[in-house]
Every structure is written in C-alpha cells, then in structure tokens.
Amino acid sequence: MSEQPPTPAPAAAGAPAAAGAPRAVGGPEPEPIRWFGTSWLNRDGGYWLRRVAVSVGALVATAAVVLLLRFGVEGIALSDNGTFVNGLMTVAIAICSMMSVRRTWKLLTEGKDQLTGWMAEDKSLGAVWLIGSAGALAAYFARSLVEAPGEAVQRASYQRAVARYEKRQAGRSGRPSGAPSRAKRKR
C-alpha cells in the first residue's frame, strides 16, 4: 500500500460523498459490513480482493456443507431403511435448502427488517436453516459475485441518512448554531 491517501473518485449525482472528502462534523457515518468494513462505500482499500476472497470462501464452505450432507444421506442409506426414507431425506434437504436460499437472498438484498412470516423466524426454524445451510451459502456466494453481501442494504441506508443530513443542513440557512432565530417584539 502506498503512503499517499487514495484520490477520491468524482461523485455522481445522488451518490454519497467520497471517503476522502471532508465531511461536516456530525454527518452520517457508513455502517461497516463483515469482512469489508466501510470499503464498500467507495469500493477502495482492497474491496475487490476481499470480494474475491469472500466468493471463494463461500464456494468452499458450500462444497464442505454439501459433502457433510452427502455423508449424512449415505449413512441413512446404509442403515437399510428403504428407498422411501432415502427419498424423504433428499426431498427434505432440497426443500430446506430452497427456503434458506430465498431467506438469505432477501436478507442480503432487502435487509432483516423486510423479513416477514416464516422468513423472520430464527429460533423455531433453526433446524431448517441448519439443514439448508448449503443453500444459504450458495446464495451468499451468488450475491458476492454482484457486490459485497449486504452492500445494497447498507448503501440505501447510508444514502437516506446523507439525504436527511443534507436536508437538515440546508434548513438551517446560515444559522450555524442551529437555533431558531428570535424576532424582536414590537412595543
């Protein structure tokens, strides 16, 4: 890494200010994302290398979970319970994985606040999320190919915060203290 600070990219209309740009005291700060910190804001500071590492890591973890599930299904197949039980186990894993893919994708693109119904259940459907963890990891991998997982949610939240902050600053109209001006009373 060089000793010089990175040069900020020109901000597009509606885009958040660059990390290197001076920010007013009290302005909104971006929330960090796991493994990315706040590098997602300007996609600098090793962002692309981290994206590749997260993608590879999620793919390797998906393969490991699939291998574990395969061992579990083969163990049940070795117990000679019959083809019905083997088929039932395979269908259960497939359904749990599809549910986990749907929940994880919605979580990464829309945020935890948008999860409703069965997707919002963490404790009561914990076994489903555990069995379907291969699907969740696959969704995480797919999302990491597009952006840092959860970046869309954080970016939208940050842009709303910046817009609110700028609106408040514009509303002050030259009153640095932020206190409303008092008009003199006529006697």
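Definitions and cut-offs
- Residues numbered from 1 in each chain as written.
- Predicted model: local features only at pLDDT ≥ 70, side-chain atom pairs only at ≥ 80, totals over all residues.
- Heavy atoms only, no water.
- Helix = DSSP H or I, 4+ residues; strand = E, 2+ residues; numbered from the N terminus.
- Expected span 1.5 Å × (residues − 1).
- Buried < 20%, exposed > 50% of the residue type's maximum accessible area, 1.4 Å probe, protein only.
- Contact = heavy atoms within 4.5 Å.
- pLDDT = per-residue confidence, 0-100.

Draft legend 1. Quick look at helix 2 (residues 83-110). For helix 2, with 28 residues, the first-to-last C-alpha span of 40 Å sits near the 40 Å given by 1.5 Å per residue. Three or more residues of helix 2 are buried, namely Ile93, Cys96, Ser97, Ser100, Arg103, Thr104, Lys106 and Leu108. Residues of helix 2 that are buried sit in contact with helix 1 (47-78), helix 3 (126-131), helix 4 (133-146) and helix 5 (151-172). Positive backbone phi, at 100°, marks Gly111, one or two positions downstream of helix 2.

Draft legend 2. Spatial organisation of unusual backbone geometry. Despite not being glycine, Trp35 shows a phi value in the positive range, around 70°. Within the fold, Trp35 resides in the segment before helix 1. Here Trp35 falls in the exposed class, since its relative accessible area comes to 54%.

Draft legend 3. Main features of the confidence of the model for the chain. Scored by pLDDT, the chain has a mean of 82; 79% of the residues are at 70 or more. Overall, residues 1-24 carries pLDDT values under 50, and its contacts beyond four positions in sequence, including any with other chains, amount to 19 contacts.

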